[in-house]
Amino acid sequence: MSRHIQLTEQGRLKHFLTIEGLDKPLLTEILDTAESFAGMSEHQVKKVPLLRGKTIVNLFFENSTRTRTTFELAATRLSADVLSMDIATSATSKGESLLDTIHNLEAMHVDMFVVRHAVSGAAHFIAQHTAPHISVINAGDGQHAHPTQAMLDMFTIRQHKKQFAGLKVAIVGDILHSRVARSQILALNALGVAEVRVIAPKTLLPAHVKSMGVTPLHDMDAGLEDVDVIIMLRLQKERMNSAFLPSESEFFRCFGLTEAKLKRAKPDAIVMHPGPINRGVEIASSVADGPQSVILQQVSNGVAVRMAIMSMALSGQGGAA
Amino acid sequence: MSKILIKNGRIIDPVNQLDEIGCLLIADGKIMAVDSQPGDFAADTTIDAAGQIVCPGFVDLSVRLREPGHTQKGTILSETRAALSAGVTSLCLPPDTQPVIDTPTVVEFIKDRAERADYPQIYSIGALTQRLAGNELSAMFALKQAGCIAVSNASAPLGNLLILRRAMEYASSHGLLLMFRANEAALSGKGCAHEGAVASRYGLPGIPEAAESIALAQCLELAELTGCRVHISQISCKQSVIKLQQAKKYGLNVTADVAIHQLHLTENDITPFDSNYHVMPPLRSAIDRQYLREGLCNGTIDAICSDHQPHDLDAKLGAFPETAPGIASLETLLPLCLELTRQHRISLSQAIASLTSKPAQILGLAAGSLTPGHKADVCIFDPQATWQVTQDSWHSSGSNTPYWQQTLTGRVTHTVQAGKLVYRLTDAS
């Protein structure tokens, strides 16, 4: 199996499964394409006919209203036909295998699967086993990757910081269980930022996190010193049950982003969060709603970035324009 | 019983410190002589082994046949064919069949299926605890009487250390070898890959080396306490090698084996999410592999096994963490061992010893040698022959191997089991 399963022989995007293996020019092209779509949402007519006649199926094996909605909106604005399937409550619970579900949908002549699954590697698996004309977009697989989220974050960073060179970025919180963080780290490094710091207790950092090209830190005050971008991650409540952390309040005390801690960063630093946020757990409301927060812009940018990725993947396979 | 003459081959028999071109004479199921000339030996079958190596048949310490219970993955028939084609003439069957090998009935069932002259010798390993559930001791004496060569809890966890202590005391009371897969389940959790750079990058739940080395250290302490003869199965990491080396130096009567793939593959070889690399214990780091190789060279690790685990396609068809671990590895055992000798990591004689006399000694078997008078289990292989791993060259029901489609060097051409020629390579390659 090729390590570049997501690229065509010409180096164009076929699937979008992970940031790994994608170079700066391609990531930049995604951002540029997204920019051309970004202005559209302010227009009276919000649609372009790029994917007219194409059928896109959102396959969500794990619930996520927010991500699914932005994918639906993105596909609709590209004029594709969209079908959203909440598999968590249908076929597989009747004992149908993942592959049978995929093959059944293939038989309905779809052009793209947008997949979210609770297990790392699920999107790769589907891409390897689906019909060759179908593109697969990873909307989050286990703890592995969430590349469209990472790209909308890169888009938001570029909006505010213009370029990646020289930027210091801090990612704070549960890195270990975060597919978003893994994809962000790959994207930030590929786009050439100066430094990526990950700030968390050791219980919430992958064992070999340094090999991912980041600086691990366990002290938030030192970690935020002089950074341009702060990315806060969502803390799942169940982490308290398996001895990762003593309590939410202790986590907030050490790693929650407050106005006082934010002062350590550069004055023009932006605050990001992939959502949904836990107010008072990883971030104080005053920061989440404050002037440096770009959290809602991330949400708006999600549609444009996903439009870019979907249209590039479907044109990469020689389908649409 | 037929008489077989194997001539012109390079005979390597580590136990008898033999490495010379000569003739091997087999009669009445036994090795008759190793000689430079056949003399007046009237053979029914003559094998010209020029350019080939003649050695004892391999003794494999861990082969899943998948029968009884998992015949969609393999059967005694299919997997023993694979074993013979791989030069394996004796093999140990771990107790995690379905039903579990925890009663004499299951041992008898396997014997009934397997007691044919052209099958490799199958040694059942009895369950250490009932149903392998880890809490109540199995009827080890009855299992031994039925023919079990050792007891083990396979990869199933034991309830607590007291159970392990009692099991050791009881097993050693009956002179039974205890085979132990070192794994602290609380530390390995739901892990499916080595807790290293690759698992960190791919978001795969990791298994730290300590999950193995802590369990190993506890086991060695209890072996010391109870005097039980313990064999550690399929070690995978640096710390395990170090702890074993210390224990052996200290004089503890302990042995260990390593699965052949651990001597070759590391976490870095895992093609993203390719389930054929999903194996337990997981493929570790290059440093761990280095320690395993050195441990094999300096005798800390006694034997190499295949740890053969054939699977049906469905078991490997899924996202990596959801697939079944294991590699169908019988038929790649010899070529991969030869690869180690070509890399000068181990001598040919040492490699053959770790596949023959060493595992036989661990089990207390009079096998693994070409000593005259012993049962004639012989493997003849061409060390230069190249072959491609494909459906046409493969015998196991399981095609779950990372080496699928690859070209390997070294191939078994003949296997003699109890004096009978039971396998002969037929295809032109």
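Residues numbered from 1 in each chain as written. Chains lettered and ligands numbered in written order. Predicted model: local features only at pLDDT ≥ 70, side-chain atom pairs only at ≥ 80, totals over all residues.

### Description of the domain arrangement of chain B
Residue and element names in this part refer to chain B. Domains assigned within chain B are domain 1 (4-54 + 374-424) and domain 2 (56-363). Each of domain 1 and domain 2 was reduced to a C-alpha centroid, and the two centroids are 25 Å apart. Each partner contributes to the interface: domain 1 provides 31 residues, whereas domain 2 provides 41 residues. For the side of domain 1 that touches domain 2, the elements supplying multiple residues, two or more each, are strand 1 (4-13), strand 16 (378-388), strand 17 (407-417) and strand 18 (420-424). Within the side of domain 1 that touches domain 2, the residues separate by chemical class into 16 nonpolar, 11 polar and four charged. (Domains from an automatic or database assignment. Contact = placed C-beta atoms within 7 Å. Helix = DSSP H or I, 4+ residues; strand = E, 2+ residues; numbered from the N terminus. Nonpolar A, V, L, I, M, F, W, Y, C, P; charged D, E, K, R; others polar.)

### Observations concerning the interface of chain A and chain B
Buried accessible area, meaning the area lost when the parts come together, often serves as the stated size of an interface. With 22 residues of chain A in contact, the opposing surface of chain B contributes 19 residues. Of all the secondary structure elements, the ones that give two or more residues to the side of chain A that touches chain B are helix 3 (98-106), helix 4 (122-129) and helix 6 (179-191) of chain A. Per-element accounting of the side of chain A that touches chain B gives the leading share, three residues, to helix 4 of chain A. Its residues assigned to classes, the side of chain A that touches chain B shows 10 nonpolar, nine polar and three charged.

### A few points about the nonpolar core
Formed by 235 residues in total, the largest nonpolar core has its most connected members in Val 172, Ile 230 and Met 310 of chain A together with Val 151 and Leu 178 of chain B. Considering every element that reaches this core, the biggest residue donor is helix 11 (residues 295-316) of chain A, with 10 residues. When sequence neighbours within four positions are dropped, the list of residues in contact with Val 172 of chain A reads Ile 199, Ala 200, Met 220, Ile 230, Ile 231, Met 232, Leu 233, Phe 255 and Leu 257 of chain A. (Core = buried A, V, L, I, M, F, W, Y, C linked by C-beta atoms within 7 Å. Buried ≥ 20, exposed ≤ 12 C-beta atoms within 10 Å, placed from the backbone.)

### Brief notes about unusual backbone geometry
If a residue is not glycine, its phi is most likely negative; likewise, a peptide bond is most likely trans. In the segment running from Glu 67 of chain B into Pro 68 of chain B, the intervening peptide bond is cis, with an omega of 5°. Structurally, Pro 68 of chain B is set in the loop between strand 6 (58-60) and helix 1 (76-85). Put simply, Met 280 of chain B and Pro 281 of chain B share a cis peptide bond, and its omega is -10°. Residue placement: Pro 281 of chain B occurs in the loop between strand 14 (254-259) and helix 9 (286-297). Unlike most non-glycine residues, Lys 162 of chain A shows phi in positive territory, near 70°. Its place among the elements puts Lys 162 of chain A in the loop between helix 5 (147-161) and strand 5 (168-172). Phi is positive for Asp 226 of chain A, which is not a glycine, with a value near 70°. Since 11 C-beta atoms lie within 10 Å of it, Asp 226 of chain A is described here as exposed.

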